[in-house]
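Chains, contacts and geometry: an overview
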Amino acid sequence: GQQVQQSPTSLVLQEGENAELQCNFSTSLNSMQWFYQRPGGSLISVFYNPSGTKQSGRLTSTTVIKERRSSLHISSSQITDSGTYLCAMEQGSGTYQRFGTGTKLQVVP
Amino acid sequence: EAAVTQSPRNKVAVTGGKVTLSCNQTNNHNNMYWYRQDTGHGLRLIHYSYGAGSTEKGDIPDGYKASRPSQENFSLILELATPSQTSVYFCASEDWGAEQYFGPGTRLTVL
């Protein structure tokens, strides 16, 4: 079954609102990475965060291994934040990343 | 900044034809990956490699071959293309236990 579950599937925000995107995994975790993708575009790494909390500007990622979850918090959303956010987890050393199906975010004026 | 390039960026092929997708990375990363992305399925791993001369099967390898002739280059080969292989294909590279960097993608249409 699906080892990486993302929620919500889609989200519409008004500009300035905050968002919390979730990624849950069903197995042990070796690494966790968040990506951003524009429609028709490639994947851009947002965070590589195997554990703990990392912040970059308005974005914060928190990974809690014991609870098998990672979150991506977007504060004061902007229209340019629109796109799809994907999480990917690597189960163990020597394995490869598996991706969630993504959260499609739309920020409107 | 990691650099991964793919060629071609767009390709139209005929059913039964041979298609080769190429990927090049200039960061001396050991690991390279080929994914396909389809609506409703997300990103799925086709083949990957741990270094020159090595190729491994991912989650959906059927109908695809891979070749890693050098550290920099990783190719995906469709010997007999089928319409079900119409998709967007992404290549990625990484060093062990570190971030993955993606190429711009190749849009393949098999008629």
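The following paragraphs examine the structure supplied in this document.

Rules used throughout
Residues numbered from 1 in each chain as written. Chains lettered and ligands numbered in written order. Predicted model: local features only at pLDDT ≥ 70, side-chain atom pairs only at ≥ 80, totals over all residues. Heavy atoms only, no water. Contact = heavy atoms within 4.5 Å. Buried area = accessible area lost by both parts, 1.4 Å probe. Salt bridge = Lys/Arg side-chain N within 4 Å of Asp/Glu carboxyl O. Polar contact = N/O pair within 3.5 Å; in protein donor to acceptor, adjacent residues only side chain to side chain. Helix = DSSP H or I, 4+ residues; strand = E, 2+ residues; numbered from the N terminus. Nonpolar A, V, L, I, M, F, W, Y, C, P; charged D, E, K, R; others polar. Buried < 20%, exposed > 50% of the residue type's maximum accessible area, 1.4 Å probe, protein only. Core = buried A, V, L, I, M, F, W, Y, C linked by side-chain atoms within 4.5 Å.

Bringing the interface of chain A and chain B into the picture now. Opposite the 16 residues of chain A that make contact, chain B presents 21 residues. Buried area between chain A and chain B, both sides added, is near 1,500 Å², and the carbon and sulfur share of it is 52%. The largest contributions to the chain A side of the interface with chain B come from Y48(A), Y96(A) and F99(A), which together make up 35% of the buried area. At the surface where chain A touches chain B, the tally comes to 1 salt bridge. Between D59(B) and R98(A) there is a salt bridge, with its nearest N and O atoms 2.9 Å apart. Our count for the contact surface shared by chain A and chain B stands at 5 residue pairs in polar contact (both at pLDDT 80 or more). The set of elements that each furnish at least two residues to the side of chain A that touches chain B consists of β4 (31-37), β5 (43-48) and β10 (97-99) of chain A. A per-class count over the side of chain A that touches chain B returns 5 nonpolar, 9 polar and 2 charged.

Residues and elements named next belong to chain B. The topology assignment puts E94 in strand β9 (residues 87-94). In this structure E94 comes out as buried when scored by relative accessible area, which is 2%. Counting along the chain gives 69 residues from E94 to Q25, while the straight-line C-alpha distance between them is 9.7 Å. Within the structure, E94 has its side chain in polar contact with the side chain of Y33 (distance 2.8 Å).

The next point concerns the nonpolar core. By size, the foremost hydrophobic cluster in this structure holds 19 residues, and its most contacted members are M32(A), W34(A), L72(A), I74(A) and Y85(A). Sorting elements by how many residues they give to this core places strand β3 (residues 19-25) of chain A first, with 4 residues. By size, the runner-up hydrophobic cluster in this structure holds 18 residues, among which are A13(B), Y64(B), A66(B) and V110(B).

Further remarks concern unusual backbone geometry. With omega at -10 degrees, the peptide bond leading from S7(A) into P8(A) counts as cis. Within the secondary structure, P8(A) sits in the loop between β1 (4-7) and β2 (10-14). Look at the link from S7(B) to P8(B): it is a cis peptide, with omega at -5 degrees. Its location among the elements puts P8(B) in the loop between β1 (4-7) and β2 (10-13). A positive phi angle, near 55 degrees, is found at R68(A), a position not held by glycine. Considering the arrangement of structural elements, one finds R68(A) in the loop between β7 (59-64) and β8 (69-74). The backbone phi angle of S76(A) is positive, close to 45 degrees, even though this residue is not glycine. Tracing the backbone shows S76(A) in the loop between β8 and β9 (83-90). Look at S76(A) and you get partly exposed, because its relative accessible area is 40%.

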